[in-house]
Amino acid sequence: EVQLVESGGGLVQPGGSLRLSCAASGFSITTYWMSWVRQAPGKGLVWVSYANNDGSTKTYADSVKGRFTISRDNAENKLYLQMNSLRAEDTAVYYCARHAMSAFDIWGLGTVVTVSS
Amino acid sequence: EIVMTQSPLSLHVTPGESASISCRSSQSLLNSNGNNYLNWYLQKPGQSPQLLIYLGSNRASGVPDRFSGSGSGTDFTLKISRVEADDVGVYYCKQALQLPYTFGQGTKVEIK
């Protein structure tokens, strides 16, 4: 079965760091661009970052640029999001998503990040 | 950044009837290759989003033919024919033409 499973979320204080992981199964991420998308409580979907097949090209939303870093380990079939200098407004469910057909065709279940003192 | 605007933001539908959601983009999503880079997603209550429509009018695998996407350029429509109870949730359009990818605000569909 093709699926994505995120992990690494939790409660962190403002200014702290977290590293999210996204494990893929049923397919090789080597073939695909991958993205992170987040959803604040009760709010809509917001794209955060993407990395191309080999991770040589990465792009970020302005709201996280300079604080978040996307990476991937194709050998381990995993995508990561290193989040530093976290703020209250980063509180959200974080989804990883696979790019295909110019869309996000597979989404993970999400992992919850709460930034609070 | 391309701004996506959906309407209405809320919809109450009687089972068996049709529903339509509009999505407008601040820039044309029509590429020189003839494709419209517009997607539709459904997020059912308590679930992750799922892809319904890609490139404006193509149904994703497993999506019932009750769902159809149309439009070009800056104006797009998602039509749900013969609405069922399982169709409830929030529908989002998203542009995939350029980064940053941007979503509409979402349209909440409920059953009467």
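Refer to the structure presented above.
A quick note: this is a predicted structure, and the numbers were derived from the prediction, not measured.

Definitions and limits used
Residues numbered from 1 in each chain as written. Chains lettered and ligands numbered in written order. Predicted model: local features only at pLDDT ≥ 70, side-chain atom pairs only at ≥ 80, totals over all residues. Heavy atoms only, no water. Disulfide = S-S within 2.5 Å. Helix = DSSP H or I, 4+ residues; strand = E, 2+ residues; numbered from the N terminus. Buried < 20%, exposed > 50% of the residue type's maximum accessible area, 1.4 Å probe, protein only. Contact = heavy atoms within 4.5 Å. Buried area = accessible area lost by both parts, 1.4 Å probe. Salt bridge = Lys/Arg side-chain N within 4 Å of Asp/Glu carboxyl O.

**Student:** Describe the state of the cysteines, and please don't skip the residues or the numbers.
**Tutor:** Counted according to the given criterion, the structure contains two disulfides over all chains. Disulfide pairing places C22 of chain A opposite C96 of chain A at an S-S distance of 2.0 Å. Residues C22 of chain A and C96 of chain A are joined by a disulfide whose S-S torsion is about 60°; by sign, that bridge is right-handed. Highlighted residues: C22 of chain A in strand β3 (residues 18-25) and C96 of chain A in strand β9 (residues 92-100), separated in sequence by 74 residues. The class of C22 of chain A is buried, set by a relative accessible area of 1%. Overall, C96 of chain A belongs to the buried group, its relative accessible area being 0%. With a sulfur-sulfur separation of 2.1 Å, C23 of chain B is cross-linked through a disulfide to C93 of chain B. Residues C23 of chain B and C93 of chain B are joined through a disulfide that is right-handed, its torsion about the S-S bond being 75°. Separated by 70 residues along the polypeptide, C23 of chain B in strand β3 (residues 19-25) and C93 of chain B in strand β9 (residues 89-95) bring together distant segments of the chain. When its relative accessible area of 0% is taken as the criterion, C23 of chain B is described as buried.

**Student:** Can you tell me about the interface of chain A and chain B, naming the residues and giving the values?
**Tutor:** Listed per partner, the contact involves 21 residues of chain A and 17 residues of chain B. Here chain A and chain B share an interface that buries about 1,500 Å² over both sides, 68% of which is from carbon and sulfur atoms. Three residues, L45, W47 and S102 of chain A, lead the burial of chain A against chain B; their summed loss comes to 36% of the area buried on that side. At the junction of chain A with chain B, the criterion picks out zero salt bridges.

**Student:** Describe the pattern of salt bridges, and please don't skip the residues or the numbers.
**Tutor:** Residue and element names in this part refer to chain A. Summed over all chains, the structure comprises eight salt bridges over all chains. Where K65 meets D62, a salt bridge forms, and the shortest distance between an N and an O atom there is 2.9 Å. Its relative accessible area of 49% is what places K65 among the partly exposed residues. Among the salt bridges present, the one from D105 reaches R98, with a minimum N-O distance of 2.5 Å. Owing to a relative accessible area of 17%, D105 belongs among the buried residues under this scheme. Exposure remark for R98: the relative accessible area of 9% places this residue in the buried category. Here the salt bridges share partners, and the residues they tie into one network are R38, R67 and D90.

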